[in-house]
Amino acid sequence: MKKYLLLIFLITGVQAFGFAQNKIKSPSEFLGYKLGEQFTPHYKVVEYYKYLALSSGNIKLQEYGKTNEGRPLFLAFVGSDSNISRLDEIRRSNLSLSGIKDGLNDSKPLEILNDQPILVWFSYNVHGNESVSTEASLQTVFDLLDPQNLKTKAWLKNTLVILDPCLNPDGRERYVNFYNPIRNSIPDALPFAREHMEPWPGGRSNHYYFDLNRDWVWQSQLESRQRLLVYNKWLPQVHVDFHEQGIDNPYYFAPAAEPYHQDISKWQREFQTIIGKNNARYFDQKGWMYFTRENFDLLYPSYGDTYPVYNGSIGMTYEQGGSGRAGLAVINSEGDTLTLKDRIDHHHTSGLSTLEAASQNSEKAITEFRNYFTQSKSNPPGEYKSYIIKGENIEKIKSLATLLQRNGIEFGFGVSKTAQGYNYFSGKNEGFRIEKTDMVLNAHQPKSVLLKVLLEPVTFVSDSTTYDITAWSLPFAHGLQAYATKESIKSETIVIPENTVSANTVSNPVAYIANWNSISDVKFLTELLNSGIKVRYSEIPFETSGKRFNAGSLIITRNGNQSVSGGFEKTVNDIAKKSGISIFPIPTGFVDKGADLGSSKVRFIKKPRVVVVGGESVYSLSLGEIWHFFEQEIGYPVTIVRPQNLNMINWNEFDILIYPDGNYNDIGNEKMLQWIREGGKLIAIKNAVSDLVGKKGFDLKNKEEVKKGDKDLYEDIRVYEHRERENVSSSIPGAIYKVDLDNTHPLGFGFPNFYHTLKLDDKVYKYLSGGWNVGVVKKENYVSGFVGVQAKKKLTDGLIFGVQEIGNGSVVYLADNPLFRGFWENGKLLFSNAVFMVGN
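How each quantity is defined
Residues numbered from 1 in each chain as written. Predicted model: local features only at pLDDT ≥ 70, side-chain atom pairs only at ≥ 80, totals over all residues. Heavy atoms only, no water. Helix = DSSP H or I, 4+ residues; strand = E, 2+ residues; numbered from the N terminus. Rg over C-alpha atoms; globule rule 2.2 N^0.38 Å. Buried < 20%, exposed > 50% of the residue type's maximum accessible area, 1.4 Å probe, protein only. Contact = heavy atoms within 4.5 Å. Areas by Shrake-Rupley, 256 points an atom, 1.4 Å probe, with all protein chains shown as cover. Lys, Arg positive; Asp, Glu negative; His and termini not counted. Charge placed at Lys NZ, Arg CZ, Asp CG, Glu CD. Core = buried A, V, L, I, M, F, W, Y, C linked by side-chain atoms within 4.5 Å. Salt bridge = Lys/Arg side-chain N within 4 Å of Asp/Glu carboxyl O. Pairing = 2+ DSSP bridges. Axes fitted to C-alpha atoms, helices over the stretch in contact; angles between N-to-C directions. Left-handed = near helix turned anticlockwise from the far one by under 90°. Nonpolar A, V, L, I, M, F, W, Y, C, P; charged D, E, K, R; others polar. Expected span 1.5 Å × (residues − 1). Phe/Tyr/Trp six-rings, centres within 6.5 Å; stacked < 30°, edge-to-face > 60°. Lys NZ or Arg CZ within 6 Å of the ring centre and 35° of its normal.

Visitor: Could you clarify how one ought to interpret the overall build of the protein chain in this entry?
Guide: Check the secondary structure of the protein chain and you find 24 helices and 34 strands. In terms of C-alpha radius of gyration, the protein chain reaches 28 Å, essentially the compact-globule figure of 28 Å for 840 residues. Projected onto its principal axes, the C-alpha positions of the protein chain cover 85 × 65 × 60 Å. Here the protein chain holds 840 residues, and the buried ones make up 60% of them. Excluding contacts between residues fewer than 6 apart, the proportion of contacts in the protein chain whose partners are at least 24 apart in sequence is 78%. Summed over all atoms, the accessible surface of the protein chain reaches about 33600 Å², with 50% contributed by carbon and sulfur. Treating the 93 positive side-chain charges of the protein chain as one cloud and the 94 negative ones as another, the clouds have centres 4 Å apart.

Visitor: Just to check I follow, could you spell out the nonpolar core for this structure?
Guide: Across soluble globular proteins, nonpolar side chains have a tendency to be buried as a group. Counting 241 residues, the largest nonpolar core has F524 and I658 as its most contacted members. Once residues within four sequence positions are removed from consideration, I658 is found in contact with V610, V611, V612, V613, I626, F630, I683, I685, F831 and V835.

Visitor: When you look at the pattern of salt bridges in this model, what are you seeing that I'm missing?
Guide: Should the charged atoms of two oppositely charged side chains come close, the side chains can pair. Summed over the entire model, instances satisfying the criterion amount to 44 salt bridges. Between K66 and E63 there is a salt bridge, with the nearest N and O atoms lying 2.5 Å from each other. For E498, the salt bridge identified is with K398, shortest N-O distance 2.9 Å. With E498 in the loop between β17 (482-485) and β18 (511-514) and K398 in helix α14 (residues 394-406), this residue pair connects regions lying 100 residues apart in the sequence. The exposure class assigned to E498 is exposed, which follows from its relative accessible area of 55%.

Visitor: What exactly am I supposed to notice about the sheet that holds strand β14 (residues 417-423) here?
Guide: Strand pairs in the sheet, formed through backbone hydrogen bonds, run parallel or antiparallel to each other. Reading across the sheet, the five strands line up as β15-β14-β17-β13-β16 and stay open at both edges, with antiparallel pairing between neighbours. Looking along the sheet, the strands with just one partner apiece sit at the ends: β15 (428-434) and β16 (439-442). On average, each strand axis in the sheet is tilted by 35 degrees relative to the strand beside it, whichever way the strands run. Relative to β16, strand β13 (residues 386-389) is paired through four bridges, and the arrangement is antiparallel.

Visitor: For this particular structure, what's the right way to read the sheet that holds strand β19 (residues 535-538)?
Guide: Pairing is antiparallel in the open sheet, where five strands are placed in the order β23-β18-β22-β19-β24. Each edge of the sheet is formed by a strand with only one pairing partner; in this case those strands are β23 (584-586) and β24 (602-605). Sheet twist, expressed as the mean angle between neighbouring strand axes with direction ignored, is 35 degrees. Where helix α17 (residues 519-530) meets the sheet, its contacts fall on β18, β19, β22 (554-557) and β24, and the angle it forms with β22 comes to roughly 30 degrees. Helix α18 (residues 568-579) rests against β18 and β22 of the sheet, and its axis sits at about 10 degrees to β18.

Visitor: Honestly, the packing of α17 against α18 in this entry has me stumped. Any pointers?
Guide: The description of two packed helices rests on the angle between their axes and on the distance between the axes. α18 packs onto α17 with a crossing angle of 145 degrees between their chain directions and a minimal axis gap of 9 Å. In this structure, the crossing between α17 and α18 has a hand that is right-handed. Of the residues in α18, those touching α17 at S520, K523, F524, E527 and L528 are V572, I575, A576, K578 and S579. Of the residues contributing to the contact of α17 with α18, the split by class is five nonpolar, two polar and three charged.

Visitor: Honestly, α14 in this entry has me stumped. Any pointers?
Guide: With 13 residues, α14 should reach 18 Å at 1.5 Å per residue; the first-to-last C-alpha distance of 18 Å fits that figure. Every buried residue of α14 is listed here: I394, E395, K396, I397, L400, A401, L403 and L404. Elements that come into contact with the buried residues of α14 comprise β13, β16, α16 (474-478), α17 and α24 (825-837). Where α14 terminates, the next one or two residues include G408, which has phi positive at roughly 70 degrees.

Visitor: Which parts of the structure should I look at to understand helix α5 (residues 87-98)?
Guide: Residues lying three or four places apart along an α-helix face the same way, a consequence of the helix completing one turn every 3.6 residues. Under the 1.5 Å per step criterion, the end-to-end length of α5 is 17 Å for twelve residues, consistent within 8% with the ideal 16 Å. Where α5 is concerned, the buried positions are L87, D88, I90, R91, R92, S93, N94, L95, S96, L97 and S98. In the stretch just after α5, G99 is the one whose phi turns positive, near 80 degrees.

Visitor: Would you explain the packing of aromatic side chains in this entry?
Guide: Ring pairs (aromatic) are described by centroid distance and by the angle formed between their planes. If you walk through the whole model with that rule in mind, you get 61 aromatic pairs. A centroid spacing of 6.4 Å and a plane angle of 70 degrees characterise the contact between F178 and Y179, whose relative ring orientation is edge-to-face. The class of F178 is buried, set by a relative accessible area of 14%. When its relative accessible area of 0% is taken as the criterion, Y179 is described as buried. Across from the ring centre of Y282, 4.6 Å away, lies the NZ or CZ of R281, which sits over that ring. The ring of F549 is capped by K547, whose NZ or CZ atom sits 5.9 Å from the centre of that ring.

Visitor: When you look at the environment of G79 in this model, what are you seeing that I'm missing?
Guide: When you line up the elements, G79 lands in the loop between β2 (72-78) and α4 (81-84). By relative accessible area, which is 1% here, G79 ends up buried. Distance from G79 to T402, taken between C-alpha atoms, is 34 Å for residues 323 residues apart in sequence. Excluding residues within four positions of it along the chain, G79 makes contact with N58, I84, L156, T159 and L160.

Shown next as structure tokens:
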């Protein structure tokens, strides 16, 4: 545990002596300005917490990681004298309540303390430009440590508080470094003043422009992975995620809005209300406006409120009016001036109120926390008691296993038997056989609620006015055949199967072959290209040496690679091992079935030089997904160019131009079209596809809407109260559709003849008359998630993914975003096909 609880500061015996007698400086005294007079840079936030750790015996710090830009991520543990001295005992006792194995210190038996304190975790500033949160943390932690504050001392007798002062230091610094240099000496409260207008991309997201508050369960980002590793070793009873919203909004606190996921417990609902009423009491005393039970629901599993809820906590979002528009002071639409000090006071008050309610209900909360996990193991929710993920693609299984392990979900392998269950891909109950390489997830486990939420084929949505996507089931996201069964099936081993390597030992092989069907194969390809190794692919399936390879399979021939540094065979095998894939040596280019290695159907993969458009007209999240994918997932270089600087490019030096989701006026101009004709490849995503509709030289057209019959005489008579519901009829917040896929086309390589896409809008296009309609939806392609009635009518018989050949080049149309939030794993192969396969 000493390694786990890494203290940023070692407090010596001399320093520790007399802690109780020391007067602790307030944030204002330490910083030299009153909180609210300016935004505090991250390094000064760190310095203040360091100072507290040296000045008080009731706080310990743990650095749990660093951001992409090298800033420290840390937690502050605040407790009474008795609790702060036994953090590891408290942590292990709390895990014992849940029945989850420690993992850090399995040699010691887990014991439940008789005086186990309630754990309350505060998360601040997950969105960088919602920057009041970190400021509020400074005042909150001071009040907890102030020896004169008798209220907080009483609460800390049975409460251990864990504060994460800034989840997103990189984003926050982007905002603070924008605001502090350009603000007026007297803050300009006029909302149109420049100090209220953040430049692109804004400070909300992290270094790679990811929204960290949508990443709790997916953990695609470095900050999330490091934080959740620690979070899942503590599992607090109460978690608050502090946020900001628009400047005209009053304060929001729980209870949350519908839809609630159906497996949120009665106690979790009740305790939200208990805490909410306590917050209301303080806000009413001060005359502050607030609202509850609106807008912020508890459904999508990757938020800072829902993820804790699905892990047994009372997870809540608190939203203060402000965000990046507010600055130090701003005039809202009612003519009132909202100051940073106001915003700090509100978050500070709700935080302390929550601690008070938690302390007053600690015994009940701890009992219910234990009951939650006991119930999870003995009587897991839902009709399905086991989930079987077919192990036909071990590389994809390993990717899924990594995600499950990060979230503490138990799984295993080694079962061989027949069973009956729901087939995710057919939507029917069928008999099937479980093989020893299939992943088995038994619902009788501590994390059964989170397991069900992530794997249930269809999520029940109690209210259609939800805040986020309504479908995310992992078998669809990962492209893995799965079955849900009512039978409780236990695995035989936790060992993840390895790829089966060919038993043939071939000396001096003419080539190595690697199947193409996972992101691991993409990593293998990019590593080969980066190492200067020549690679080909087969555009048709083939068989050789007793093994079948699908279209798109990579072929690395000795011919042309003899001069590889380190030796051909060793280098290729080392890269394969590093990439986690199996390769197969073959003794001859004469294949048993299909095209020989010298055939024209075996294509050379040119190492592409890639430009990605990034700037004010680009949706920063979409750019971030592409940027992160290339840099962090497949390790391939890209050049990011602002739209206004595209005219500076020597187009002869680049092969691929990628337009992320965004709004563009000049996409598809004559200069770009000429570059495509000469062999360039344009990849357009989501709204970039829409902006190509009707452009000269591009075959893309909007799908015509189905003509209605005679208009209902009373159609325009509407009830004002129902206006939100009526808008929902045209919405699609995020639903899964089955796409019929032409897997003989390079864009479809590595897939079966279908693909599950996450639809975030109702856009489909007319079939290309002069191109390749690679991915299309037909009449009955809806799978799961909420889709409004009118939107569902539009989502039939149209193009989703297509390729148009123009001269020697091509255009790839991706109407849906295959890299959405970095968690739609199966889409990464589709996007890689667009980059590396199409046009070669």
